[in-house]
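So you can see what is in the structure, the chains are spelled out below.
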Amino acid sequence: MDDTGTLALRPLTARSIVLSTLLGHHPPQLSARALVRVGALFGTAEGTIRVALTRMVAAGDLEQRGGAYRLTDRLLARQARQDDSRAPRTRRWDGTWEIAVVTSDRRVAAERAALRQAMATLRLAELREGTWLRPANLVRPRPDVVAEQCGWFTGAPEGDPVELAARLWDLDGWARRARLLGAALDRAAGPAERFTVAAAALRHLLADPVLPARLLPEDWPGAELRRRYDAFEREFRALLPRFANGG
């Protein structure tokens, strides 16, 4: 959001058009012709899309198989995170929190960065340097990097957990942007505009802390934003065969 509290969505580049399309497609593989036709929705020239495809193969983002392009393993992991953000796996919350404490004495910058990225993926928040926590209501594996650098504990705050959650996450800010994105999806005119808003909505869902309901403000818009994104995804999936077949 900008300073006025309205959405400020950056336009999609040729690379982001290709990447967003493949990340949202299952299996994540499409022909060059289909991707060129998706690019045409945004007024992006065929040559620009093809240059982006070549550069993405060289960068290790895509691999080419015949006339089709497919996400590499690194981006398949990102697709899995996006899929999880649309349908996070939760369990009944009994009031306990999971707590990770850094136990490694010396870490190079790359190790610290890898841990921070992993904690964001696990939806933990940093209470202070080297201490991360969240309610223990999610079901997901922990990557090796967090097992190597942290000790894990379970516990519960002595104070109000609602106040703690509000301190760890900007819940009001997340909810405000989610509502703006949902409204923008509803009023977007045409596939290109809806695609741009939907890509921003999916990125926003990755930042949803997915907290237990009793720790959230009233009328939390997470489920509603997921519903609206799912509606877009079904709509766009129905268009893809037309792009692939030249219709």
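Fair warning: this is a prediction, and the values are worked out from it, not measured in the lab. (Residues numbered from 1 in each chain as written. Predicted model: local features only at pLDDT ≥ 70, side-chain atom pairs only at ≥ 80, totals over all residues. Heavy atoms only, no water.)

Comments concerning the packing of helix α2 (residues 32–41) against helix α3 (residues 46–58)
When two helices pack together, their arrangement is given by the angle between the helix axes and by the axis-to-axis distance.
Item 1. In contact at an axis separation of 9 Å, α2 and α3 are set at 125° when each is read in the N-to-C sense. Here α3 runs oblique to α2, going by the angle between their axes. By crossing handedness, the relation of α2 to α3 is classed as right-handed. Residue-level contacts link A32, L35, V36 and G39 of α2 to E46, I49, R50 and L53 of α3. (Axes fitted to C-alpha atoms, helices over the stretch in contact; angles between N-to-C directions. Helix = DSSP H or I, 4+ residues; strand = E, 2+ residues; numbered from the N terminus. Parallel < 35°, antiparallel > 145°, perpendicular 65-115°, else oblique. Left-handed = near helix turned anticlockwise from the far one by under 90°. Contact = heavy atoms within 4.5 Å.)

Side note on the pattern of salt bridges
Item 1. Counting across every chain of the model gives 17 salt bridges.
Item 2. As a salt-bridge pair, E235 and R194 come within 3.1 Å of each other at their nearest N and O atoms. You can see E235 sitting in helix α10 (residues 222–245) and its partner R194 sitting in helix α9 (residues 190–206), a full 41 residues away along the chain.
Item 3. Given a relative accessible area of 14%, R194 falls into the buried group.
Item 4. One salt bridge connects R228 with E224, and the closest N-O pair in it is separated by 3.6 Å. In this pair, R228 and E224 both sit in helix α10, four residues apart, roughly one turn of the helix.
Item 5. Here E224 falls in the partly exposed class, since its relative accessible area comes to 31%. (Salt bridge = Lys/Arg side-chain N within 4 Å of Asp/Glu carboxyl O. Buried < 20%, exposed > 50% of the residue type's maximum accessible area, 1.4 Å probe, protein only.)

Considerations on α2
Item 1. Listed in full, the buried residues belonging to α2 are A32, A34, L35, V36, V38 and G39.
Item 2. Directly beyond the C-terminal end of α2, a positive phi value near 75° is found at G43.

Here we look at the nonpolar core
Item 1. In terms of nonpolar packing, the biggest core is built from 53 residues, with V18, L53, L62, W97 and W169 touching the most fellow members.
Item 2. Looking at this core, the elements that each hand over two or more residues are α1 (14–23), α2, α3, β3 (68–71), α7 (161–168), α8 (171–187), α9 and α10.
Item 3. In this structure V18 touches L35, I49, L53, M56 and L62, once residues within four positions along its chain are discounted.
Item 4. Grouped together as the second largest cluster of nonpolar side chains are eleven residues, A100, L115, A118 and V145 included. (Core = buried A, V, L, I, M, F, W, Y, C linked by side-chain atoms within 4.5 Å.)

Quick word on the sheet that holds strand β7 (residues 150–155)
Item 1. The strand order across the open sheet formed by four strands is β5-β6-β4-β7, and the pairing between neighbours is antiparallel. Of all strands in the sheet, those bounded by a partner on one side alone are β5 (125–128) and β7. Direction aside, neighbouring strands of the sheet carry axes that sit 30° apart on average.
Item 2. Contacts from helix α5 (residues 109–121) reach β4 (97–102), β5, β6 (131–135) and β7, with the element oriented near 30° to β7.
Item 3. Strand contacts of α7: β4, β5 and β6, with the helix running at about 100° to β5, the strand carrying the most contacts. (Pairing = 2+ DSSP bridges.)

Some thoughts on the sheet that holds β3
Item 1. With respect to topology, three strands assemble into an open sheet ordered β1-β3-β2, the strand pairing being antiparallel. Each having just a single partner strand, β1 (29–31) and β2 (62–65) make up the two edges of the open sheet. The sheet shows a mean angle of 30° between the axes of neighbouring strands, taken without regard to direction.
Item 2. Alignment of β2 against β3, held across four bridges, turns out to be antiparallel. Paired with E63 across the bridge in β3 is R70.
Item 3. Along the sheet, α2 contacts β1 and β3; its crossing angle with β1, the most-contacted strand, is approximately 85°.

So far we have only geometry, and geometry alone does not tell us how the molecule works.
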